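The residues making up each chain are set out below.
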Amino acid sequence: KPSLSHIGPSKEEFHRAVLEAQLGVTHFCRMFLHEVRAGTSTIENIESIKVSPGVSKSVRYQLEALINQAFYEHFENIKFQRNGTHDHVLDPRKRPNAFFKAYVTILHMRCTELVHRDSNAYSEDFDAFCDQKMNRVEEVLDRGVGSWSDELARSFFIAAKWVWLLHLLAFSFEHPATIFRVGEQSRFDPRYMEDLLVIEATSMKARKVVSCGNVLDPLISVMVMPGFFFDHSFEIVKCKVLLSRQS
């Protein structure tokens, strides 16, 4: 359990937050695709989306890429907003501990407490963040979500909470963690990137099947989740990508 005596997070805490944020987005996307198949939601921004139970992993990852694009926009800004400024702790020596205290305070709070104005745990900043990201998610999906079911909203708030916590942790280091992204058609570099379809392969034969046609020069098809440098950039959390499968 985190301790307020820490100046900043441990490596394990940061890695855990990255994983929880990734799992949160994955679960939200699964809930959304379930509603697409049930006919209660629509999606316009992914080509060849299927409404049958057999939605391909590639399509699901494309959806995750869109949602992560919305969630991690402006992550590098200290206020998690475009041109935002952190007006609470201006002293850079005090900033890490202030962000880590905020992380510890929010970590074990329920999402409903954090966004309910009558709750003692209400967080105006987190509530505003959720409103902003919910609107952004609807924008990247071409406003195809429609009304949010309770289950879909709940999964959204869980994902939003872990992305918010990850941002707090990023600025809890003396040298803040740095997010990095890669663009479409960038060259694949295994030092900084992981191909999600290769990760899921369970045998060498499967790895050959999902490997890029041009082994010496694979290109990125889509970035599913950004990566991070932290601990003076000596620690790397690889970004998650899909490679072009053209031969």
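Further up the page is the structure itself.
Enquirer: I keep staring at the pairing of strand E6 (residues 239–243) and nothing clicks. Help me out?
Expert: Look at any regular strand and the pattern is simple: side chains alternate between the two faces of the sheet. When you tally the buried positions in E6, you get 5 out of 5 residues, the bulk of the element. Residues of E6 alternate between two faces, with Cys239, Val241 and Leu243 on one and Lys240 and Leu242 on the opposite face, all of them buried. Alignment of strand E2 (residues 193–195) against E6, held across 3 bridges, turns out to be parallel. Looking at E6, one finds that Met193 is bridged to Cys239. Relative to E6, strand E3 (residues 220–225) is paired through 4 bridges, and the arrangement is antiparallel. Opposite Val222, over in E6, you have Leu242 as the bridge partner.

Enquirer: How do you make sense of the sheet that holds E2 when you look at a structure like this?
Expert: Strand order across the open sheet formed by 3 strands is E2-E6-E3, with mixed pairing between neighbours. Here the strands that pair on one side only, and so sit at the sheet edges, are E2 and E3. Geometrically, the sheet is characterised by an average inter-axis angle of 40° between neighbouring strands, direction not taken into account. Docked against the sheet, helix H2 (residues 57–71) engages E3 and E6, running at close to 60° with respect to E3.

Enquirer: I keep staring at the environment of Met225 and nothing clicks. Help me out?
Expert: Here Met225 lies in strand E3. Taking relative accessible area as the criterion, Met225 reaches 2% and is therefore assigned buried. As for Met225 and Glu64, which are separated by 161 residues in sequence, their C-alpha atoms are 7.7 Å apart. When residues no more than four places from it in sequence are discounted, the contact partners of Met225 are Val18, Gln22, Asn68, Tyr72, Cys239 and Lys240.

Enquirer: What is the right way to read the packing of H2 against helix H5 (residues 124–140) from this model?
Expert: Relative placement of two packed helices is described by the angle separating their axes and the distance separating the axes. The contact between H2 and H5 brings their axes to 9 Å, and the two run at 140°. Our classification of the angle between H2 and H5 gives oblique. In the crossing of H2 with H5, the sense of the turn from one axis to the other is right-handed. Touching Leu66, Ile67, Gln69, Ala70 and Phe71 of H2 are Lys133, Arg136, Val137 and Val140, all from H5. Of the residues assigned to the contact of H2 with H5, the class counts are 6 nonpolar, 1 polar and 2 charged.

Enquirer: Teacher, can you tell me more about the pattern of salt bridges here?
Expert: Charged atoms that come close allow side chains of opposite charge to pair. Under the counting rule described, the total for this entry stands at 10 salt bridges. We note a salt bridge from Lys11 to Glu235, for which the minimum N-O separation is 3.3 Å. Of this pair, Lys11 sits in helix H1 (residues 11–38) while Glu235 sits in strand E5 (residues 235–237), and the two are 224 residues apart along the sequence. Looking at Lys11, the relative accessible area reads 36%, which means it is partly exposed. A salt bridge links Arg136 to Glu139; its shortest N-O distance comes to 3.2 Å.

Rules used throughout
- Residues numbered from 1 in each chain as written.
- Predicted model: local features only at pLDDT ≥ 70, side-chain atom pairs only at ≥ 80, totals over all residues.
- Heavy atoms only, no water.
- Buried < 20%, exposed > 50% of the residue type's maximum accessible area, 1.4 Å probe, protein only.
- Helix = DSSP H or I, 4+ residues; strand = E, 2+ residues; numbered from the N terminus.
- Pairing = 2+ DSSP bridges.
- Axes fitted to C-alpha atoms, helices over the stretch in contact; angles between N-to-C directions.
- Contact = heavy atoms within 4.5 Å.
- Parallel < 35°, antiparallel > 145°, perpendicular 65-115°, else oblique.
- Left-handed = near helix turned anticlockwise from the far one by under 90°.
- Nonpolar A, V, L, I, M, F, W, Y, C, P; charged D, E, K, R; others polar.
- Salt bridge = Lys/Arg side-chain N within 4 Å of Asp/Glu carboxyl O.

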